[in-house]
Amino acid sequence: MKLFNTLTNKKEEFKPLKEGEVSIYVCGPTVYNYVHIGNTRPMIVFDVLRRTFEYLGNKVTFVSNFTDVDDKIIKAAKQEGITEKELTDKYIKAYEDVRRGLNLEFPTYAPRVTETMDQIISFIQKLVDKGYAYVVDGDVYFRVSKVKEYGELSGIKIEDLVAGASERVEDKGVKEETTDFALWKKTDEGIQFDSPWSKGRPGWHIECSVMSNRYLGETIDIHAGGQDLKFPHHENEIAQSEARSGKNFSNYWLHNEYINVNNEKMSKSLGNFFTVREIAEIFDLEVVRLFMLSTHYRNPINFSDEILNQSKAGLERLYNAKEKAEFTINNLEDSKMTEEEAKLQDELASFRQKFIDAMDDDVNTADAVSAIFELAKFMNSNITENSSKEFAQKALDEFNE
């Protein structure tokens, strides 16, 4: 299988750290609201990547986290009049409901930040001990200038960064360099944790590094997420992880492109922001899944009612082909394949190979979906009341697999 590695900006033959085993980390949501349509693209795409590895006989350890400590969570909990724990439990459940609706496999591990605090504090302390991090009045910052390779993933140079560009939290003007980012923030608001430096909570970037390290080790096969996470989140993950371990953090980086709504970037200010709950009132989530997979993950995708209706019609064609074949087979008497049908076996087998070849080429789901539609058309043309039951069943089995 070849994968487009964002770090090297080219397709590369995938070689796992350990033959027959694949480790994947996908950045999960900050759980302060319901899942929006943009969140579903990495959920679906990297689930398919995982399933492809499993189909090829690999054991996959798949980790995707929940960020349940954040300024947005504190604000949302106040607005809803509930505790932060009640808020995050509510939206984690909603996220998992969407996962079920999209027919996604659940992660091998789905850690929460609040349950990883000891490991986060230990990780930060080691960075302080090694001189990669420093403490200022209870806050801890990472020294970006000590990492010569910083910017390799995103292509952004340190000298081009502006003050505060690499962190979510407000800059107090106490950092050594404006590019340094927060590992720990002292706070007297919202959920707090004891640490050697202050009562506070971790910075965003450190969380994924620690959870990846905890469940997958210091070096992993694949780290994935949306294009918007490439900088600063993933760039900072690399810097702090490799500073701590002295080892390569992830061998392959995969990023899916953005979703536009009616050819415009999705945003609340434009009024084109849709949650999956809203979409599910109109469309089955299986339609959303097919819609997402009908475009290659590295291409932008345009979301609209018209395109979703096209996906709905396409899904119906696939189900109709399957149901027609099942009905025909149930009314056929047991019979062996004819010579003419035997000659069609090579064509029947070609659809599976087209599917595999597409998935082997950087998870090209668009071509893989096309192969499925071609098989459905083949079934409609070649499974009739005059077919042998053996041939008809073989074609249906190919479709179901």
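It should be noted that the structure appears before, not after, this text.
Residues numbered from 1 in each chain as written. Predicted model: local features only at pLDDT ≥ 70, side-chain atom pairs only at ≥ 80, totals over all residues. Heavy atoms only, no water.

## Looking at the sheet that holds strand β5 (residues 133-136)
Strands sit in the order β5-β6-β7-β8 across an open sheet of 4 strands; the sheet is antiparallel. The outermost strands of the open sheet, each flanked by one partner alone, are β5 and β8 (200-202). In this sheet, neighbouring strand axes are inclined to one another by 20° on average, regardless of whether the strands run parallel or antiparallel. (Pairing = 2+ DSSP bridges. Helix = DSSP H or I, 4+ residues; strand = E, 2+ residues; numbered from the N terminus. Axes fitted to C-alpha atoms, helices over the stretch in contact; angles between N-to-C directions.)

## Considerations on empty space enclosed by the protein
Picture a little ball the size of a water molecule; that probe, rolled over the atoms, points out where space is still empty. Counting across every chain of the model gives 1 cavity of 30 Å³ or more. Estimated volume of the largest cavity: approximately 50 Å³. Phe123, Ser209, Asn213, Gly217, Glu218, Ser241, Arg244, Ser245 and Phe249 together form the lining of the largest cavity. Counting residues per element, the lining of the largest cavity draws most heavily on helix α6 (residues 230-245), at 3 residues. Across the lining of the largest cavity, the residue classes tally to 2 nonpolar, 5 polar and 2 charged. (1 Å grid on protein atoms, 1.4 Å probe; cavity = no way out; pocket = protein on both sides within 12 Å on 5 of 7 lines; lining within 4 Å. Points joined across faces, edges and corners; volume = space filled by probe spheres on them. Nonpolar A, V, L, I, M, F, W, Y, C, P; charged D, E, K, R; others polar.)

## Side note on helix α13 (residues 389-400)
An ideal rise of 1.5 Å per residue puts 16 Å on 12 residues; α13 measures up with 16 Å between its terminal C-alpha atoms. Every buried residue of α13 is listed here: Phe391, Ala392, Ala395, Leu396, Glu398 and Phe399. The buried residues of α13 occupy an angular sector of 155° when projected down its axis, which confines them to one face. Those residues of α13 that are buried are in contact with α9 (305-330), α10 (339-343), α11 (345-360) and α12 (365-382). (Expected span 1.5 Å × (residues − 1). Buried < 20%, exposed > 50% of the residue type's maximum accessible area, 1.4 Å probe, protein only. Arc of directions from axis to C-beta. Contact = heavy atoms within 4.5 Å.)

Function cannot be read off these values alone, since they describe shape.
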